[in-house]
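Residue-level listing of the chains:
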Amino acid sequence: MKHILAFLCAVMAMLSLTSTIAIAQSKPLRIEVTKGVIEPMPFAAPVFVAENAAAKKYAAELTQVLVADLTGSGLFREIPNAAHISKITNFNAPIQYPDWKAINAQALITGAVSVSGNQLIVKFRLFDVFANTALGDGLQFVATTNSWRRMSHKVADAVYSRLTGETGYFDSRVVYISEEGPKNKRRKRVALMDYDGANVRYLTDSKSIVLAPRFSPNAREIIYTSYETGSPRVYLMNVDTMKSRILGDQPSMAFAPRFSPDGTKVVMSLSERGNSDIYLVNVSNGRKVRLTSSPAIDTAPSFSPDGSRIVFESDRSGGQQIYVMSTSGGAAKRISAGKGRYGTPVWSPRGDMIAFTKLYKGRFHIGVMRVDGSREKLLTASFLDEAPTWSPNGRVLMFFRETKGVNGAPSIYSVDITGQNLRKVNTPTFGSDPAWSSLLK
Amino acid sequence: MVNILVKLSAAAICAVGLTACDTNSPGGYGAGGVVGGIQPGSPSDPTSLAYFQQTIGDRVLFAVDQSTLSPEAISILDGQANWLLQSTQYVVTIEGHADEQGTREYNLALGARRASAAQNYLVSRGVADNRVKTVTFGKERPLEICSTEACWSKNRRAVTIVRAGLGS
């Protein structure tokens, strides 16, 4: 995150709307995220107006990324520019609602871009076409020109939020494992990308096997497992400086790290004499507290968003199952109840659900369940689906899918928690072990 | 220090062309062990590395999701223990591996369990504890790459990699 954005994010006090304010609809324009969308909401997003010559090269691309964000969510469908009757050439001109109604655009997004030095200024407004009214105030974002994609994501997040009533997830990043080469000699690197696969940056070289990177709560640091010493150890890296260090004292094998919601601690598995248990490690002084001490495999711990509980997997009852315990350790309660094996539990940032990998009858599934284990729902099925990670708003999961056979290779996918909108995330190499950041600031 | 030894020995074996080499790899991954500065020798010479790898066997295999030693595994480990009791100049690292039918982190833990099962057995047969290290690779380094039991059964393994000890 070299180009940290000093977002001004200022509300432009109503941007002096000249159009007539119509009577508000009794129900605001709204699309429900959780219901499973059968008919995406049609919207129009005319290419943003370039308000000066230097803005021209950004206006079209910025609009494209915005449209890709919204349509990629599966909740919205774009009515292409070719079908538009009205053209938006002036950001402040009155909206010709009948023209947008005629093409059945329920939502209209208008925007303007200007460049001043290396600063990019983006304004946008959102309209409820059939109610003849603006939805919320106009917004303006300011950032450096090289962060133009983030401006699109910011606009998309604002639109998504106004139309769904939920926070968005587009201005976010994913850290993952880039994989290359044959199956028995994979070269792996920790890589960072925007949530949509853009701006890939490699954080490690391929000399050592690396696994399962995860973000700190503010997305400035990552924690991951590396074989740099010949044996798996957990490392902490600042993604700006790319400086890394082993976290605390790890006399034995260490893996499966994850940050606490306040970023001060990390939970991980340490394996000694073949027995893997869960430890809580203080990030600043490396001090560790042992949380489990069963002879079973206890691994893949993940905090609840309030920091009070930890969900993890254990084979203490025979097979891999999911358990919840207090952050101070002690008794654990098994929550997975169905047939098969359950692993890689991850607590939703909303606190309401656990995502997991399920192995059943030789197939792998990504699924979700309530935190008490009820209402299990399997979202995917394949030869090998693994390692879900939550979008910042808890509505979408990314995971990786590995294909079968001698040429089998992993790719990153996303799916809604309704099980709809399965999509491949394009990465320059094979990709696995995605971990989604929080919304960027 | 260990890493340096591995690199030197890997280079030495490459030079005489006895086995395929991956100089980037920190260990053998079961593709054949390495010994600091010496040649594997003849499989019929009971003190040779070739004898350890080929005649005794440098690896034991496991059932799906298990780390219990089979009778075959025990007989191989008996041979390894005897060899190590004779050849005290060597130390070993046991690499535990899993097949691809499991999640990564669980498989790391499972690989650790398998390596440890072999380690515990060698120690129980009199090999000094400090001569036997373990490491897990989970499902990161399969030996065979097909997605059927024919390959998976060979990937569920604990491989004993012989290294030059501190005294040699």
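For clarity, every value in this text was computed on a predicted model and none was experimentally measured.

## A closer look at the pattern of salt bridges
This structure, assessed with the given rule, holds 32 salt bridges over all chains. Between A:Lys188 and A:Glu179 there is a salt bridge whose closest N-O contact spans 3.6 Å. Relative accessible area serves as the criterion here: at 3%, A:Lys188 is assigned to the buried category. Of the charged contacts in the structure, one is a salt bridge between B:Asp78 and B:Arg125, with a shortest N-O distance of 3.1 Å. Taken together, the positions of B:Asp78 in helix 3 (residues 71-86) and B:Arg125 in the loop between helix 4 (104-124) and strand 3 (132-138) put the pair 47 residues apart, joining distant regions of the chain. On the basis of relative accessibility, which here comes to 39%, the residue B:Arg125 falls in the partly exposed class. Taken together, the salt bridges that share partners define one network made up of A:Glu179, A:Arg186, A:Lys188, A:Glu402, A:Asp433, B:Arg104 and B:Glu140.

## Considering empty space enclosed by the protein
Gaps left between atoms show up when a probe the size of a water molecule is rolled over them. All told, the structure shown has five cavities of 30 Å³ or more when counted by the stated rule. Each pocket or cavity is described by its volume, and for the largest cavity that value is around 170 Å³. Around the largest cavity, the lining comprises 15 residues; the ones closest to its centre are A:Lys183, A:Glu402, B:Glu100, B:Lys139 and B:Pro142. Across the lining of the largest cavity, the residue classes tally to four nonpolar, one polar and ten charged. The space that makes up the second largest cavity amounts to roughly 140 Å³.

## So, the confidence of the model for chain A
When pLDDT is averaged across chain A, the result is 92; 93% of the residues are at 70 or more. Counted against residues more than four places away or in other chains, residues 1-26 of chain A, with its pLDDT under 50, gives 60 contacts.

## Quick notes on the packing of aromatic side chains
Residues and elements named next belong to chain A. Tallied over the full model, the rule gives 18 aromatic pairs over all chains. Centroid distance Tyr 97 to Phe 127: 6.3 Å. Interplanar angle 75 degrees. Geometry classified as edge-to-face. You can see Tyr 97 sitting in helix 2 (residues 97-102) and its partner Phe 127 sitting in strand 6 (residues 119-128), a full 30 residues away along the chain. With relative accessibility at 2%, the residue Phe 127 sits in the buried group. Seen in terms of ring centroids, Tyr 169 and Trp 436 are 5.8 Å apart; in terms of plane orientation they differ by 90 degrees. Their pairing is edge-to-face. On the criterion of sequence distance, the pair formed by Tyr 169 in the loop between helix 3 (148-164) and strand 9 (173-180) and Trp 436 in strand 32 (residues 430-436) is long-range, its members being 267 residues apart. In this structure, Tyr 169 and Trp 436 share a single accessibility class: buried. Each residue in the set Phe 43, Phe 76, Tyr 160, Tyr 169, Phe 170, Tyr 195 and Trp 436 is aromatic and connected to the rest through ring pairs, giving one cluster. The ring of Tyr 202 has Arg 189 sitting right over it, with the charged end atom 3.7 Å from the ring centre. The ring of Tyr 413 carries the charged tip of Arg 401 above its face, separated from the ring centre by 5.2 Å.

## Thoughts on the sheet that holds strand 13 (residues 221-226) of chain A
Residue and element names in this part refer to chain A. An order of 12-13-14-15 is seen for the four strands of this open sheet, with the pairing classed as antiparallel. What marks the edges here is a single partner per strand, and that holds for strand 12 (210-215) and strand 15 (244-246). Sheet twist, expressed as the average angle between the axes of neighbouring strands with direction ignored, equals 25 degrees. In terms of strand pairing, strand 13 meets strand 14 (residues 233-238) through six bridges, oriented antiparallel. Following the sheet pairing, Tyr 224 is matched in strand 14 by Tyr 235.

Conventions we followed
Residues numbered from 1 in each chain as written. Chains lettered and ligands numbered in written order. Predicted model: local features only at pLDDT ≥ 70, side-chain atom pairs only at ≥ 80, totals over all residues. Heavy atoms only, no water. Salt bridge = Lys/Arg side-chain N within 4 Å of Asp/Glu carboxyl O. Buried < 20%, exposed > 50% of the residue type's maximum accessible area, 1.4 Å probe, protein only. Helix = DSSP H or I, 4+ residues; strand = E, 2+ residues; numbered from the N terminus. 1 Å grid on protein atoms, 1.4 Å probe; cavity = no way out; pocket = protein on both sides within 12 Å on 5 of 7 lines; lining within 4 Å. Points joined across faces, edges and corners; volume = space filled by probe spheres on them. Nonpolar A, V, L, I, M, F, W, Y, C, P; charged D, E, K, R; others polar. pLDDT = per-residue confidence, 0-100. Contact = heavy atoms within 4.5 Å. Phe/Tyr/Trp six-rings, centres within 6.5 Å; stacked < 30°, edge-to-face > 60°. Lys NZ or Arg CZ within 6 Å of the ring centre and 35° of its normal. Pairing = 2+ DSSP bridges. Axes fitted to C-alpha atoms, helices over the stretch in contact; angles between N-to-C directions.

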